[in-house]
Amino acid sequence: MGAGLIALFFDLGDTIMDEGTEVKDAQATTLHADLIPGMGDALRWCKAQVGRLALVADTRPGTARNVLAQHGLTALFDYLAISETVGVEKPDPLLFQVALDALQIAPSDYAHVAMIGNNLERDIAGAKRLGLATIFLHWNERRRTTPLSAGETPDYTVTNAAELVALIARLTKD
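These lines cover the structure that appears in this document, whether it is placed above or below. (Residues numbered from 1 in each chain as written. Predicted model: local features only at pLDDT ≥ 70, side-chain atom pairs only at ≥ 80, totals over all residues. Heavy atoms only, no water.)

### Describing the side chain of Asp11
- Following the sequence through the fold, Asp11 ends up in the loop between strand E1 (7–10) and strand E2 (23–24).
- In this structure the side chain of Asp11 is engaged in a polar contact, spanning 3.4 Å, whose partner is the side chain of Thr15.
- For Asp11, the side chain forms a polar contact with the side chain of Lys90, separated by 2.8 Å.
- Dropping the residues within four chain positions of it, Asp11 is found in contact with Ile16, Leu55, Val56, Ala57, Asp58, Lys90, Met115, Ile116, Gly117, Asn118 and Asp123. (Helix = DSSP H or I, 4+ residues; strand = E, 2+ residues; numbered from the N terminus. Polar contact = N/O pair within 3.5 Å; in protein donor to acceptor, adjacent residues only side chain to side chain. Contact = heavy atoms within 4.5 Å.)

### Some words on unusual backbone geometry
- The step from Lys90 to Pro91 runs through a cis peptide bond, and the omega angle for that step is 15 degrees.
- Following the sequence through the fold, Pro91 ends up in the loop between helix H3 (83–86) and helix H4 (93–102).
- Here the phi dihedral of Asp14 falls at roughly 60 degrees; this positive angle occurs in a residue that is not glycine.
- One can find Asp14 in the loop between E1 and E2.
- For Asp14, a relative accessible area of 0% puts it in the buried group.
- If you check the backbone angles, Ala28 has positive phi at about 70 degrees while not being a glycine.
- Following the sequence through the fold, Ala28 ends up in the loop between E2 and strand E3 (30–32). (Buried < 20%, exposed > 50% of the residue type's maximum accessible area, 1.4 Å probe, protein only.)

### Some details on the environment of Pro91
- The partly exposed category is assigned to Pro91, whose relative accessible area is 21%.
- Each C-alpha atom, one on Pro91 and one on Ala125, is 6.2 Å from the other, the two residues being 34 residues apart in sequence.
- If sequence neighbours within four positions are ignored, Pro91 has contacts with Phe96, Glu121, Arg122, Gly126 and Arg129.

### Observations regarding the pairing of strand E4 (residues 52–57)
- Along E4, five of the six residues are buried, which leaves the element largely enclosed by surrounding structure.
- Two elements, E1 and E4, share four bridges in a ladder whose sense is parallel. Across the sheet, residue Phe9 finds its bridge partner in E4, namely Ala54.
- Once the chain exits E4 it traverses helix H2 (residues 61–70) before rejoining the sheet at strand E5 (residues 79–82), and the crossover so formed is right-handed. (Pairing = 2+ DSSP bridges. Right-handed = clockwise from strand over helix to strand, strands pointing away.)

What follows is the structure in structure tokens.
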């Protein structure tokens, strides 16, 4: 592939699942949650178009497993980089690095990997530190939506799953 995308990294909360619908157990592991409208189909499309997907999320391992399995999405992800398992939280570059290494992506290709997330301080700033492309999913106001620095300024902003698919389609043709 030329200059297009070779992998996509997704956050979980308010990027794939709607945090406002989470049902948790006593240990704060999410048992189930609704997806953001259209995100299931968007993820399936992204897997078919781009190929490699990873979850890069600050969450409990059970939360990711439960929500992905609930919606039949587990098999779409080649790797789950979960903060509690790795031992660091975003924006620490190590969480992104673990996913990059698991997918055998060379440093020269990092710019062809896009991180999709809803948190400027964690998702966008962390991914930018490694030179990844960044896509801010601004579909609600639960998190700060105005960058405080160049490091938090996303390369692209979308507000829903359909806009994300359209952007990925454009970027995979570049």
